[in-house]
Amino acid sequence: SIQIYNRPVAQASVNPGQYCQGEEVTLEGSAAGGSGTGYQYAWLGPGGYTGAGQQAVIGDIQPGQSGQYILVVTDSRQCASANDASVSITVLPLPEVSFTGSITSSCLDSSPVFLTGGYPEGGSYSGNGVVNGVFYPVLSGAGFHVITYAFTGGNGCTNFATNTAYVYSSIQSA
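Not measured: the values here are computed from a predicted model.

What follows deals with the state of the cysteines. Throughout the structure, instances matching the rule amount to one disulfide. Between the sulfur of Cys-20 and that of Cys-157 lies a disulfide, 2.1 Å long from S to S. Its torsion about the S-S bond being -95 degrees, the disulfide of Cys-20 and Cys-157 is classed as left-handed. Placement of the pair is Cys-20 in strand β2 (residues 18-20) and Cys-157 in the loop between β16 (143-152) and β17 (158-168), with a sequence separation of 137 residues. Taken individually, Cys-20 and Cys-157 each receive the classification buried, so the pair is uniform in this respect.

Here the focus is the confidence of the model for the chain. Per-chain confidence: the chain averages 92 in pLDDT, with 97% of residues scoring 70 or above. By mean pLDDT, the top-scoring element of the chain is strand β13 (residues 124-127) (97), and the lowest-scoring one is strand β10 (residues 106-107) (88).

Take the environment of Val-146 next. In this fold, Val-146 is placed in strand β16. Each C-alpha atom, one on Val-146 and one on Phe-160, is 12 Å from the other, the two residues being 14 residues apart in sequence.

Grouped together as the largest cluster of nonpolar side chains are 18 residues, with contacts concentrated most on Val-25, Leu-27, Ile-61, Tyr-69 and Ile-89. Mapped onto this core, the elements with two or more residues apiece are β3 (25-33), β4 (39-45), β6 (55-58), β7 (67-75) and β8 (85-92). In terms of residues, this core owes the most to one element, β8, which gives four residues. Aside from chain neighbours lying at most four places away, what touches Leu-27 is Ser-13, Val-14, Trp-43, Tyr-49, Gln-54, Gln-55, Ala-56, Ile-58, Tyr-69, Val-87 and Ile-89. Counting 13 residues, the second-largest nonpolar core is a separate cluster that includes Ile-103, Ala-161, Ala-165 and Val-167.

Right, let's talk about the sheet that holds strand β14 (residues 130-131) for a bit. As summarised here, the arrangement of the three strands in space is β11-β15-β14, forming an open sheet in which the pairing is antiparallel. With one partner strand each, in any of the chains shown, β11 (113-114) and β14 form the two edges of the open sheet. For β14 and strand β15 (residues 134-135), the ladder comprises two bridges, and the chain directions are antiparallel. Directly across from Val-130, in β15, lies its bridge partner Phe-135.

On the surface, a cluster of nonpolar side chains totalling about 270 Å² of accessible area is made up of Val-131, Val-138 and Leu-139. As for its position among the elements, Val-138 is in helix α1 (residues 137-140). With relative accessibility at 58%, the residue Val-138 sits in the exposed group.

In space, the five strands of this open sheet follow the order β2-β8-β7-β4-β5, with mixed pairing throughout. Either end of the sheet is taken by a strand with one partner, and the two such strands are β2 and β5 (49-52). On average, adjacent strands in this sheet sit at an angle of 25 degrees to one another, irrespective of strand direction. Here four bridges tie β4 to β5, and the two strands are oriented antiparallel to one another. Its bridge partner being in β5, Leu-44 is matched across the sheet by Thr-50.

Further remarks concern unusual backbone geometry. With an omega of 15 degrees, the peptide bond running from Asn-15 to Pro-16 counts as cis. Backbone geometry at Gln-78 places phi at a positive 65 degrees, although glycine is not the residue there. Tracing the sequence through the fold places Gln-78 in the loop between β7 and β8. Here Asn-132, not a glycine, exhibits a phi torsion of approximately 50 degrees, which is positive. With respect to the element layout, Asn-132 can be found in the loop between β14 and β15. Since its relative accessible area comes to 78%, Asn-132 is described here as exposed.

Conventions and cut-offs
- Residues numbered from 1 in each chain as written.
- Predicted model: local features only at pLDDT ≥ 70, side-chain atom pairs only at ≥ 80, totals over all residues.
- Heavy atoms only, no water.
- Disulfide = S-S within 2.5 Å.
- Helix = DSSP H or I, 4+ residues; strand = E, 2+ residues; numbered from the N terminus.
- Buried < 20%, exposed > 50% of the residue type's maximum accessible area, 1.4 Å probe, protein only.
- pLDDT = per-residue confidence, 0-100.
- Core = buried A, V, L, I, M, F, W, Y, C linked by side-chain atoms within 4.5 Å.
- Contact = heavy atoms within 4.5 Å.
- Pairing = 2+ DSSP bridges.
- Patch = residues over 30% accessible without salt bridge, like charges linked within 9 Å, V, L, I, M, F, W, Y side chains within 5 Å.
- Areas by Shrake-Rupley, 256 points an atom, 1.4 Å probe, with all protein chains shown as cover.
- Salt bridge = Lys/Arg side-chain N within 4 Å of Asp/Glu carboxyl O.
- Axes fitted to C-alpha atoms, helices over the stretch in contact; angles between N-to-C directions.

So, in structure tokens, the structure goes:
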């Protein structure tokens with residue numbers, strides 16, 4: 001005798017669908033129907049991507065991974081999904097950012113330093129001892145300090161560059 005089984009129906013989703021380079025993406029799958037108990041999930045995507053599971057995670061996504069991701073669901077009777085469930089992902093590039101301004105070494109009691117050298121202009125500086133784009137050695141304390149320049153491009157993606165400042169302990173006069 002021949003038995004005919006119903007095939008499962010797959011559904012795929014991703015939220016929001018648009019990501020910045022380097023982010024983590026979670027593909028979500030679900031299934032309904034079919035004749036078996038339980039499902040296996042297989043994902044296929046650009047650049048030979050393969051993933052398994054109801055949730056497939058793509059870490060550190062790159063612009064070359066933009067495109068359509070297809071989900072195939074198989075039930076316990078080995079019946080594959082009757083439909084092509086897919087999601088589309090767009091990966092936006094990060095802006096090119098640099099921070100080449102030289103931050104000279106200074107003493108703890110030195111004057112504040114206006115930070116420059118972040119490119120493209122229009123970003124922001126942060127770090128220990130940095131307030132509104134100004135580095136205050138007295139606030140940072142003695143030692144090495146990493147200062148970060150962050151810039152958000154027109155596509156909404158943010159990239160960072162760093163530089164290091166060194167603050168010497170002030171020598172007290174006798």
